[in-house]
Amino acid sequence: MRSITLLGATGSIGASTLDVLARHPDRFSLYAVAAGSSVDALVRLCGRFRPRVAVIADEARLPALRQALATAGLPTTARAGAAALSEIACAAECDTVVAAIVGAAGLVPTIAAARAGKRVLLANKEAVVCAGRLLIEAVRAGGGELLPVDSEHSAVHQCLAGARLAERDVRKLILTASGGPFRTRSDFAGITPEQACAHPNWVMGRKISVDSATLMNKGLEVIEASWLFGFAAGRIEVVVHPQSVIHSMVEFVDGSVVAQLGTPDMRTPIAYALSYPERIESGSATLDFTRLGALSFEAPDLRRFRCLALAYEALEGGTARTATLNAANEIAVEAFLGGRLPFADIARVIEETLQTVHANEPESIDEVLEIDARARRTAAQSLQRGRSAAPRIAGR
Ligand SMILES: NC(=O)c1ccc[n+]([C@@H]2O[C@H](COP(=O)([O-])OP(=O)(O)OC[C@H]3O[C@@H](n4cnc5c(N)ncnc54)[C@H](OP(=O)(O)O)[C@@H]3O)[C@@H](O)[C@H]2O)c1
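Residues numbered from 1 in each chain as written. Predicted model: local features only at pLDDT ≥ 70, side-chain atom pairs only at ≥ 80, totals over all residues.

K.L.:
Just to check I follow, could you spell out the sheet that holds strand S2 (residues 28-35) for this structure?
P.N.:
The strands making up a sheet are joined through hydrogen bonds of the backbone, oriented either antiparallel or parallel. Read from one edge to the other, the open sheet built from seven strands follows the order S4-S3-S2-S1-S5-S6-S7, with strand pairing classed as parallel. If you trace the sheet from one side to the other, it starts and ends with strand S4 (77-80) and strand S7 (145-148), each paired once. Sheet twist, expressed as the average angle between the axes of neighbouring strands with direction ignored, equals 20°. The pairing of strand S3 (residues 53-56) with S4 spans four bridges and is parallel. Bridge pairing links Val53 to Thr77 in S4. Along the sheet, helix H2 (residues 39-49) contacts S2 and S3; its crossing angle with S2, the most-contacted strand, is approximately 170°. (Pairing = 2+ DSSP bridges. Helix = DSSP H or I, 4+ residues; strand = E, 2+ residues; numbered from the N terminus. Axes fitted to C-alpha atoms, helices over the stretch in contact; angles between N-to-C directions. Contact = placed C-beta atoms within 7 Å.)

As structure tokens, this is what we get:
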């Protein structure tokens with residue numbers, strides 16, 4: 001019986017995780033759940049899954065959480081704030097932590113879980129983009145495991161199963177990208193948040209949906225793959241595959257390419273990570289090959305989708321650069337979703353921030369958080385400057 005702490009329980013990954021857990025009450029129990037500020041949604045799932053602890057990150061909402069749990073007659077203990085998030089991530093009562101908070105807000109509890117030797121199921125890709133080596137070292141020091149939830153990284157993990165000496169035997173990792181809703185659109189003017197969040201194949205939270213539309217999501221995934229599997233940027237290729245049937249591939253030095261396929265449903269990689277190395281039923285539909293039609297592939301357009309090029313450049317520059325990239329992206333996406341920045345200017349804000357913020361490689365999580373804060377301040381200033389100063393992208 002695995003005991004789970006679910007960070008980001010009220011989100012899209014949270015819902016998919018709870019769906020898988022509900023299918024296997026004999027294998028998994030829920031110790032704790034956490035959300036940002038959604039009290040009602042958190043209490044609803046407490047009623048269904050009966051966790052021992054519920055944490056709300058927004059401390060001002062603790063009285064509302066306490067009150068709602070009491071009104072519902074639930075025995076769940078209410079907690080609030082950043083320290084409580086880390087406490088449920090490293091509590092002795094749980095052995096597995098699903099890290100599904102969106103953004104750098106998930107970094108500290110994810111590190112806490114890693115240091116405590118938990119099995120960490122990583123959906124929160126921003127944590128590894130910000131912390132890089134520090135997260136990998138925390139997992140090693142804690143003696144636990146880090147398993148990917150992102151479908152691409154789960155695919156690579158599955159393709160590498162049984163491969164020894166991956167570094168020597170593998171020529172490259174091939175991450176597939178759907179291309180997002182604007183794959184064939186030449187002009188990004190006038191794009192609304194609703195259009196950007198209408199992903200053609202996946203239903204996801206709003207931030208990752210916008211990241212998918214700019215291809216920054218793929219850029220963050222290239223950085224994530226580099227740290228999870230130990231490959232340099234030059235050995236991680238992105239291929240646009242609009243059908244999202246192949247979730248990623250590994251090309252070996254003998255010319256073999258191993259791919260992982262499935263319907264686009266996050267319950268598959270979540271179930272894989274929860275039960276690894278066993279396999280359990282996830283609820284995903286099976287692929288019907290007789291109805292699939294053609295699978296197509298194309299190179300990403302790095303001129304239109306500048307965010308992907310910026311992510312590759314940041315990866316080559318080190319963790320200070322990728323933390324800066326991530327913070328600027330979070331500020332820019334939030335401004336776009338709030339109607340304060342045109343879609344076409346997201347890449348500009350990130351690029352200006354990268355040109356302004358230069359920091360040494362972080363040696364601690366506190367230093368990562370300092371870089372993150374600096375980059376957010378710089379990106380906020382860049383938002384004000386408007387589009388006239390847009391620099392031109394170099395290379396790629
Ligand atoms: N959705 C997918 O299919 C998918 C696939 C691969 C990877 N991922 C990654 O998984 C992560 C979650 O994505 P999502 O799509 O599930 O996002 P989402 O639907 O927006 O959910 C985000 C979750 O994080 C919580 N949260 C937000 N800010 C917080 C804070 N400051 N402190 C604590 N909790 C906070 C939210 O709580 P509230 O409800 O209270 O705001 C919610 O539970 C992201 O890193 C994303 O890149 C997602």
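K.L.:
Help me understand the site of the ligand in this model?
P.N.:
The environment of the ligand is formed by 29 residues, the closest being Gly11, Gly36, Ala57, Met204 and Gly205. At the level of secondary structure, the elements contributing two or more residues to the shell around the ligand comprise helix H1 (12-23), S2, helix H6 (125-131) and helix H11 (206-214). For the shell around the ligand, the element with the most residues is H1, which contributes three residues. (Near = placed C-beta within 6 Å.)

K.L.:
What is the right way to look at the domain arrangement of the chain in this model?
P.N.:
How big an interface is tends to be stated in terms of accessible area lost as the parts join. Along its sequence, the chain is carved into domain 1 (2-148), domain 2 (153-179 + 215-291) and domain 3 (306-389). One C-alpha centre belongs to domain 1, the other to domain 3; they are set 27 Å apart. In this assembly, 11 residues from domain 1 lie in contact with 10 residues from domain 3. It is H6 that provides the largest number of residues to the side of domain 1 that touches domain 3, a total of four residues. Class assignment of the residues belonging to the side of domain 1 that touches domain 3 gives a composition of seven nonpolar, two polar and two charged. (Domains from an automatic or database assignment. Nonpolar A, V, L, I, M, F, W, Y, C, P; charged D, E, K, R; others polar.)

K.L.:
Mind showing me how you'd approach the environment of Ala32 here?
P.N.:
If you trace the backbone, Ala32 turns up in strand S2. Expressed as a C-alpha distance, the spacing of Ala32 and Leu85, which sit 53 residues apart in the sequence, is 9.6 Å. Aside from chain neighbours lying at most four places away, what touches Ala32 is Thr5, Pro51, Arg52, Val53, Val55, Ile88, Ala91 and Cys94.

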